Amino acid sequence: MNIKFSDVLDLFELVNFGSPFDHEGYICKESGKTYFYSEFGDNEEELPDDINDEKYLAIPHKNELNLGNNLAFDFTLEYLPTEYEKVRSIFNRKGAYARFKSLLESADKIEEWYKFEAKRTEEALREWCTEQGVI
């Protein structure tokens, strides 16, 4: 398939912006062309009529790649182990990521979080791409 990893990463980030399932992304296995659809409109082009055909590969949601809450827990264990139970309790309520980031800012760990998140996202997405035969 003729597609750059950076294009897959860009599409992955668009798909995972906002709430789950607000956005969809696809890669045509034959051409490598990418497609993006948002529930909020402003779609540059319509999805092909045969988008559910097996020639298209749906971009996964971050939770499918274990990049949701578990990523925050992994980070906490590595960078703020004494706050682990607090972070676990944060994720039991709505608005968890805002409170988690507030905790990271107060601990001066927000930059480490962004680097950790980017590295783990790239690793997981590259593995997914390899499994799917994308790159």
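Residues numbered from 1 in each chain as written. Predicted model: local features only at pLDDT ≥ 70, side-chain atom pairs only at ≥ 80, totals over all residues. Heavy atoms only, no water.

1. Some details on the overall build of the chain
When helices and strands are tallied, the chain shows five helices and three strands. Of the regular secondary structure in the chain, the N- to C-terminal order runs α-β-β-β-α-α-α-α. Viewed in the frame of its principal axes, the chain has a C-alpha envelope of about 50 × 30 × 20 Å. Taking all 135 residues of the chain together, the buried fraction comes to 38%. Accessible surface for the chain amounts to roughly 8500 Å². Of this, 45% is attributable to carbon and sulfur atoms. Put simply, the chain has 16 plus and 29 minus side-chain charges, and the middle of one group is 7 Å from the middle of the other. (Helix = DSSP H or I, 4+ residues; strand = E, 2+ residues; numbered from the N terminus. Buried < 20%, exposed > 50% of the residue type's maximum accessible area, 1.4 Å probe, protein only. Areas by Shrake-Rupley, 256 points an atom, 1.4 Å probe, with all protein chains shown as cover. Lys, Arg positive; Asp, Glu negative; His and termini not counted. Charge placed at Lys NZ, Arg CZ, Asp CG, Glu CD.)

2. A word on the packing of helix α4 (residues 96-106) against helix α5 (residues 110-132)
Packing of α4 against α5 brings their axes to within 7 Å, and their N-to-C directions diverge by 125°. With respect to their mutual orientation, α4 and α5 come out oblique. For the pair α4 and α5, the contacting residues are Phe 100, Lys 101, Leu 104 and Glu 105 in the first and Ile 110, Trp 113 and Tyr 114 in the second. Class assignment of the residues belonging to the contact of α4 with α5 gives a composition of five nonpolar, no polar and two charged. (Axes fitted to C-alpha atoms, helices over the stretch in contact; angles between N-to-C directions. Parallel < 35°, antiparallel > 145°, perpendicular 65-115°, else oblique. Contact = heavy atoms within 4.5 Å. Nonpolar A, V, L, I, M, F, W, Y, C, P; charged D, E, K, R; others polar.)

3. As for the sheet that holds strand β3 (residues 56-58)
Consider a sheet: its strands pair through backbone hydrogen bonds, and that pairing is either parallel or antiparallel. In space, the three strands of this open sheet follow the order β2-β1-β3, with antiparallel pairing throughout. Because the sheet does not close on itself, it has two edges, and the strands there are β2 (34-38) and β3. Going from strand to strand, the sheet's axes swing by 25° on average, the running direction of each strand aside. Of the strand pairs in this sheet, strand β1 (residues 23-28) and β3 are connected by three bridges, and their pairing is antiparallel. If you follow Ile 27 over to β3, its bridge partner there is Leu 57. (Pairing = 2+ DSSP bridges.)

4. Overview of the pattern of salt bridges
Taken as a whole and assessed by the stated rule, the structure comprises five salt bridges. Among the ionic pairs, Asp 74 bridges to Arg 120, the shortest N-O distance being 2.8 Å. In this pair, Asp 74 sits in helix α2 (residues 69-79) while Arg 120 sits in helix α5, placing the two residues 46 residues apart along the sequence. In this structure Asp 74 comes out as partly exposed when scored by relative accessible area, which is 31%. (Salt bridge = Lys/Arg side-chain N within 4 Å of Asp/Glu carboxyl O.)

5. Concerning the nonpolar core
Counting 33 residues, the largest nonpolar core has Val 8, Phe 100, Trp 113, Leu 125 and Trp 128 as the members making the most contacts within it. With seven residues, the top contributor of residues to this core is α5. Excluding anything up to four places from it in sequence, Trp 113 contacts Leu 71, Ala 72, Phe 75, Phe 100, Lys 101 and Leu 104. Core analysis: the next-biggest nonpolar cluster, separate from the first, contains six residues, Tyr 26, Cys 28, Tyr 35 and Tyr 56 among them. (Core = buried A, V, L, I, M, F, W, Y, C linked by side-chain atoms within 4.5 Å.)

6. Section: the side chain of His 61
Residue placement: His 61 occurs in the loop between β3 and α2. A relative accessible area of 8% means that His 61 is categorised as buried. Within the structure, His 61 has its side chain in polar contact with the backbone nitrogen of Asn 63 (distance 3.0 Å). In this structure, His 61 is in contact with Phe 12, Asn 16 and Pro 20, ignoring residues within four places of it in sequence. (Polar contact = N/O pair within 3.5 Å; in protein donor to acceptor, adjacent residues only side chain to side chain.)

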